[in-house]
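# Working through the structure, step by step
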Amino acid sequence: MNITVTVNGTAHTADVEPRLLLVDFIRTNLGLTGTHIGCDTTSCGVCTVLIDGTPVKTCTMFAVQANGRSVTTVEGLKQNGELSAIQQAFREHHGLQCGFCTPAMMLVGTALIEENPDPTEDDIRWAISGNLCRCTGYMNIVKSIEAAAETTREGASS
Amino acid sequence: MTTTEHKPHTSPEIGGLGHSRRRVEDARFIEGRGNYVDDITLPGMLHMAIHRSPLAHARIISIDTSAAEAVDGVVAVVTGELLAGYNLAWMPTLSGDTQAVLATDKVRFQGQEIAAVIATDRYVAQDAARLVEVEYEDLEPIVNPQRALEEDAVLIRDDKEDQTSNLCFEWESGDKTATDEAFAKADKIVSLETHYPRSHPAPLETCGIVADVDSATGQATLYMTSQAPHAHRTVFALVAGLAEQNIRIVSPDLGGGFGNKVPVYPGYVVATAASLVIGQPVKWVETRTENLISTGFARDYYMKGELAVTNDGKILGLKVDMLADEGAFYADAQPSKFRAGLFHIVTGSYDYPAAYVTTRGAYTNKAPGGVAYRCSFRVTEASYLIERLVQNAAYELGLDPAEFRSSNFIQADQFPYHSPTGFVYDSGDYETAMRKAMDMVGYADIQAEKEQARKEGRLVGIGMASFTEVVGAGHGEDYDIIGLKMFDSAELRVHPTGKAILKLGVKSQGQGHETTFAQIVAEELGIPAGDVKVVEGDTDNTPYGLGTYASRSTPVAGAATAVISRKLREKAKKIAAHLLEASEEDLEWETGKFFVAGDPESSVSIQDIAFAAYTNPPPDLEAGLEGVHYYDPPNMTYPFGTYIVVVDVDPESGQWKVRRMIAVDDCGVKINPMIVEGQIQGGLTEGFAMSSMQHITFDETGNCLGSNFMDYLVPTAWETPRFELGETVTPSPHHPIGAKGVGESATVGSPAAYVNAVVDALQHMGVTNIEMPMSADRVWHAMQENSGG
């Protein structure tokens, strides 16, 4: 089937098998390997991207379902050559260790802050509760998202 | 050895020990530019999928691969029979046993590898793998070690000539006679029977390989999820008969390991053989289900512990008898002389003269493994048992568990302490760590609240664990894996411009080695950490090492890094003397420079020295400023700490919630406090996981009931407690920088604290034990059974 998916602002047209998973389209067809595969059952969340701004797990979504939609992956977080607030916050607050869940965590955090610029700790923990991390114990991920929200608010008010 | 304050000696610009330097590796991870095995694509690369046994125990009558071979895009189907032609149907395990690469005679666990399909596309490979037809004759599945050792149990390992039962090993430690004598003098014997359940490390990245064997040159480049690339290269040389210099193992970024990536798995071997035969690169990456059902499980020890005590609260001795469920192939990744790993650290943080530990391991129809899941070999099981026993003993004696611990602690002035099972604890101050944790939690207030809560119909519990770990294996005379001594190595090259590259035999899986090991060089040589690149995980480009597991990177490779830095500093001194036209004896070192004693103006920086090493070396000295050091640790290190958990238990449902979790850790000198904290927070979460939800179970026919993340529960951010961290610092006296390692302390120490807290909440009902994971229904049943309800 012929599909056109906009990924990080660039439209990609491809002829794909109907059963091709979106995560494989992103990783294999487009070579964007920052989106990972961890469980195949929509449980761990490392394959999360934003589709029209909403976090979606792409290991159980077909590429054809993304036809005409706009996808943001971790490779699209940097703007004008600058790290986004959430990328900087994850580094500053030690929000990552092995890095495997990190792209998804940052994308979920980005969507949360977009929707709720001043999230509580519980808001953040609930938002990332579909994304597993085996290294950090989540505390520094929460701290990173809190810090990114603060930076984003300051940026908006200045 | 006393607890001391440790402040950085170097400026933040140098970034030596004690600086919370931000991580170097994050730069690529936050942009999605990590390079994990599945991210690697090579020209002409094929994909492999494995056909696995649906049965736990069955004889193979026939294997028909014709339907799979007929699928468009399938290049080859590999069976054990085919591998047998290359003498590859079986391989050695890290415990000196054998393991089927692809089954030929029988299947011995559900998920066992039978055939592998190589195809041009991952989807096609998986389609075709399903079409492999296997005819079986059912055999009795043995799903627990108790049944395995009964006389009439069917023999699982009928492939082994001398094997007449399902007994896998027997092992003992300590002194039986002395322990019997201690028990004869006891006023009370406190006993506990418990099962440390089967678990799985489940790193978010599963295991995988891209095998690229050049049929023209014989060069094999294997991109592998490997925590121990050098040891794996040697195993490959031995298993596959490839010349070791022609094997290059590259372990790129790893998405967690936790012990899961220590063993060599059949998939690695088959993909390599397939690439060799076909002449094209072959990629194999596990699905999550494959990861959970076939690779490296952990724990699964049935333990009976007995503590001999006096009425006035002194421990006299400990007896432990254990039964280990080893699965179908004995594959524990552990030092070869120690069949139950370092379990004999079970005497814990307490001073008593006698202990005796016996262990039997049994083969069962389950996946092999026995990996050290975020712990030094079997230390988690040991720590759990002693810390549970100590709490129960305090209850039986009517003593406060903290005071009972305190009156039995090894005292700070007793180090180095010789334990009754043969360890020599390097340093510790257990009392100080425990009191600090008690102060942080407000121990007396919680105890008081407990009484009040009961009157109000609420259940509050407080539980503690004052653990001692043993990590950093180890001294080569005693510790080896398949004969390889457990040293580790560091190669340091200081370039003419004063920048450096450090190459290590270990391999980070998220621990941040690229950041922390540069800090050791910065401390020792005064070269800014930012000027030191750390390279690991490529056997062609790093010195030989045993790898990263059992918290051994800092104790062993960290020591190697400090020692090689010091050796280069000695050489730098000779060059400095030449440049300053002074005598070596007159030179003094201050971070980053040598100066003439009494004349600080006459100095030369390490950067100038490095330049001179290549441009103007002294006439009698070889050029360059490079070296390699292999460090054989004189002893292991013994991190310790006290964890205290406060829980609220719902008397109606048995649900429990962590109200406070205090962790006071002592890992000796810290390289990077930020990273240490991160490691502890992660480990506390794994401890919470094991105590509350994580376990792999099987039904009576050997079906694995924890085969995906919907059935094998790991904690999310929502239920994970918030942790409060504290520290004491007791340097290791034998480690060059006084560090002990910290990556696993929290996993080892915390499970007992969580369980002790829930048991404590129910103790007045007569509850003395709740098995892990403490599901609400287990807690509820414990209440019903003990309250007459």
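These figures come from a predicted structure and were not determined experimentally.

### Thoughts on the overall build of chain B
A count of helices and strands for chain B gives 19 helices and 32 strands. For 789 residues, the compact-globule estimate of 2.2 N^0.38 gives 28 Å, and the C-alpha radius of gyration of chain B, at 27 Å, lies within 12% of that figure. For the C-alpha atoms alone, the extent of chain B along its principal axes is close to 85 × 75 × 50 Å. Counting the 789 residues in chain B, one finds 65% classified as buried. In chain B, once contacts between residues fewer than 6 apart in sequence are set aside, the share between residues at least 24 apart is 80%. Here chain B displays about 25,900 Å² of accessible surface, and carbon together with sulfur accounts for 49% of that area. Across chain B, the centroid of the 63 positively charged side chains sits 3 Å from that of the 109 negatively charged ones.

### Brief notes about helix H8 (residues 266-278) of chain B
All names here are of chain B. Compared with an ideal rise of 1.5 Å per residue, which puts 13 residues at 18 Å, H8 spans 18 Å between its outermost C-alpha atoms and is within 8% of the ideal. Counting buried positions along H8 yields 10 of 13 residues, so the element is predominantly enclosed. All buried positions along H8 are accounted for by Pro-266, Gly-267, Tyr-268, Val-269, Val-270, Ala-271, Thr-272, Ala-273, Ala-274 and Ser-275. A positive phi of about 85° marks Gly-279, the residue just after H8.

### Points about the sheet that holds strand S25 (residues 532-535) of chain B
Residue and element names in this part refer to chain B. The four strands lie next to each other as S25-S24-S23-S29, forming an open sheet whose pairing is mixed. Every interior strand has two partners, whereas the edge strands, S25 and strand S29 (626-631), have only one. When the angles between neighbouring strand axes are averaged without regard to direction, this sheet yields 15°. The pairing of strand S23 (residues 488-494) with S29 spans six bridges and is classified as antiparallel.

### Overview of the interface of chain B and chain A
Contacts between the two partners involve 52 residues from chain B and, on the opposite side, 48 residues from chain A. Summing the contributions of chain B and of chain A, the shared interface buries around 4,300 Å²; its carbon and sulfur component is 55%. Of all residues in chain B, Ile-30, Tyr-123 and Leu-204 of chain B bury the most surface against chain A, accounting for 19% of the area lost on that side. Seen at the junction of chain B and chain A, the total is eight salt bridges. The salt bridge involving Glu-686 of chain B is made with Arg-134 of chain A; its shortest N-O contact spans 3.4 Å. On inspection of chain B and its partner chain A, the count reaches 28 residue pairs in polar contact (both at pLDDT 80 or more). Those elements that place two or more of their residues in the side of chain B that touches chain A are helix H1 (26-29), helix H4 (122-130) and helix H17 (673-692) of chain B. The greatest single-element share of the side of chain B that touches chain A, amounting to eight residues, is contributed by H17 of chain B.

### Some points on the sheet that holds strand S27 (residues 593-596) of chain B
Residue and element names in this part refer to chain B. Taking strand neighbours across the sheet as the criterion, the three strands line up as S26-S27-S28 in an open arrangement whose pairing is antiparallel. At either end of the open sheet lies a strand with only one pairing partner, and these are strand S26 (587-590) and strand S28 (599-605). Averaged over all pairs of adjacent strands, the angle between strand axes in this sheet comes to 35°, irrespective of strand direction. The sheet contact formed by S26 and S27 spans four bridges and is antiparallel.

### A closer look at the nonpolar core
Residue and element names in this part refer to chain B. Counting residues in hydrophobic clusters, the biggest one holds 214 residues, and the most contacted among them are Leu-307, Phe-343, Trp-656, Tyr-754 and Leu-762. If sequence neighbours within four positions are ignored, Trp-656 has contacts with Val-647, Asp-648, Val-649, Phe-688, Ser-691, Ser-692, Tyr-754, Val-758, Met-774 and Val-779. Formed by 46 residues, the second largest nonpolar core is a distinct cluster that contains Leu-504, Ala-560, Ala-572 and Leu-625.

### A short note on the side chain of Thr-516 of chain B
Structurally, the position occupied by Thr-516 of chain B is in helix H14 (residues 513-525). Here Thr-516 of chain B falls in the buried class, since its relative accessible area comes to 8%.

### Notes on the pairing of S23 of chain B
Two faces belong to every sheet, and in a regular strand the side chains alternate between them. All names here are of chain B. Where burial is concerned, most of S23 is hidden: six out of the seven residues are buried. The sheet contact formed by S23 and strand S24 (residues 500-504) spans five bridges and is antiparallel. Its bridge partner being in S24, Arg-493 is matched across the sheet by Ile-501. Connecting the antiparallel pair S23 and S24 is a turn made up of five residues, with Gly-498 showing a positive phi of about 90°.

### A closer look at helix H1 (residues 22-29) of chain A
Among the eight residues in H1 of chain A, six count as buried, and that is most of the element. Looking only at H1 of chain A, the buried set comprises Leu-22, Val-23, Asp-24, Phe-25, Ile-26 and Arg-27 of chain A. Contacts from the buried residues of H1 of chain A go to strand S1 (2-7), strand S2 (10-15), strand S3 (48-51) and strand S5 (70-72) of chain A together with H4 of chain B.

### Quick look at the pairing of strand S4 (residues 54-57) of chain A
Residue and element names in this part refer to chain A. Of the strand pairs in this sheet, S3 and S4 are connected by four bridges, and their pairing is antiparallel. By the bridge assignment, Thr-48 is partnered in S4 with Lys-57. Hairpin connection, S3 to S4: the antiparallel pair is bridged by two residues, and Asp-52 has positive phi, about 50°.

### Quick notes on a nonpolar patch on the surface
Residue and element names in this part refer to chain B. Residues Tyr-86, Leu-276 and Val-277 make up a contiguous nonpolar surface patch of about 290 Å² in total accessible area. Turning to its location among the elements, Tyr-86 is positioned in the loop between helix H3 (80-84) and strand S4 (90-92). Tyr-86 gets classed as partly exposed once you look at its relative accessible area, which sits at 48%.

### Let's talk about the domain arrangement of chain B
All names here are of chain B. The domain boundaries assigned to chain B delineate domain 1 (37-139 + 206-253 + 261-294), domain 2 (298-473 + 635-787) and domain 3 (488-631). Computed over C-alpha atoms, the centres of domain 1 and domain 3 are 41 Å apart. Counting from both sides, the interface comprises 17 residues of domain 1 and, opposite them, 16 residues of domain 3. Both sides of the domain 1 and domain 3 interface together cover about 1,300 Å² of buried area, and 48% of this is carbon and sulfur. Considering only the surface of domain 1 that becomes buried against domain 3, Gln-227, His-230 and Arg-248 emerge as the three largest contributors, covering 48% of it.

### Details of the packing of H17 of chain B against helix H18 (residues 745-762) of chain B
Residues and elements named next belong to chain B. Contact geometry of H17 with H18 gives a least axis separation of 7 Å together with a crossing angle of 45°. Comparing the axis directions of H17 and H18 gives the class oblique. With respect to the hand of their crossing, H17 and H18 are arranged in right-handed fashion. Between H17 and H18, the residues in contact are Ile-680, Gly-683, Leu-684, Glu-686, Gly-687, Phe-688, Met-690 and Ser-691 and Ala-746, Thr-747, Ser-750, Pro-751, Tyr-754 and Val-755, respectively. Partitioned by chemical class, the residues of the contact of H17 with H18 number eight nonpolar, five polar and one charged.

Conventions adopted
Residues numbered from 1 in each chain as written. Chains lettered and ligands numbered in written order. Predicted model: local features only at pLDDT ≥ 70, side-chain atom pairs only at ≥ 80, totals over all residues. Heavy atoms only, no water. Helix = DSSP H or I, 4+ residues; strand = E, 2+ residues; numbered from the N terminus. Rg over C-alpha atoms; globule rule 2.2 N^0.38 Å. Buried < 20%, exposed > 50% of the residue type's maximum accessible area, 1.4 Å probe, protein only. Contact = heavy atoms within 4.5 Å. Areas by Shrake-Rupley, 256 points an atom, 1.4 Å probe, with all protein chains shown as cover. Lys, Arg positive; Asp, Glu negative; His and termini not counted. Charge placed at Lys NZ, Arg CZ, Asp CG, Glu CD. Expected span 1.5 Å × (residues − 1). Pairing = 2+ DSSP bridges. Axes fitted to C-alpha atoms, helices over the stretch in contact; angles between N-to-C directions. Buried area = accessible area lost by both parts, 1.4 Å probe. Salt bridge = Lys/Arg side-chain N within 4 Å of Asp/Glu carboxyl O. Polar contact = N/O pair within 3.5 Å; in protein donor to acceptor, adjacent residues only side chain to side chain. Core = buried A, V, L, I, M, F, W, Y, C linked by side-chain atoms within 4.5 Å. Patch = residues over 30% accessible without salt bridge, like charges linked within 9 Å, V, L, I, M, F, W, Y side chains within 5 Å. Domains from an automatic or database assignment. Parallel < 35°, antiparallel > 145°, perpendicular 65-115°, else oblique. Left-handed = near helix turned anticlockwise from the far one by under 90°. Nonpolar A, V, L, I, M, F, W, Y, C, P; charged D, E, K, R; others polar.

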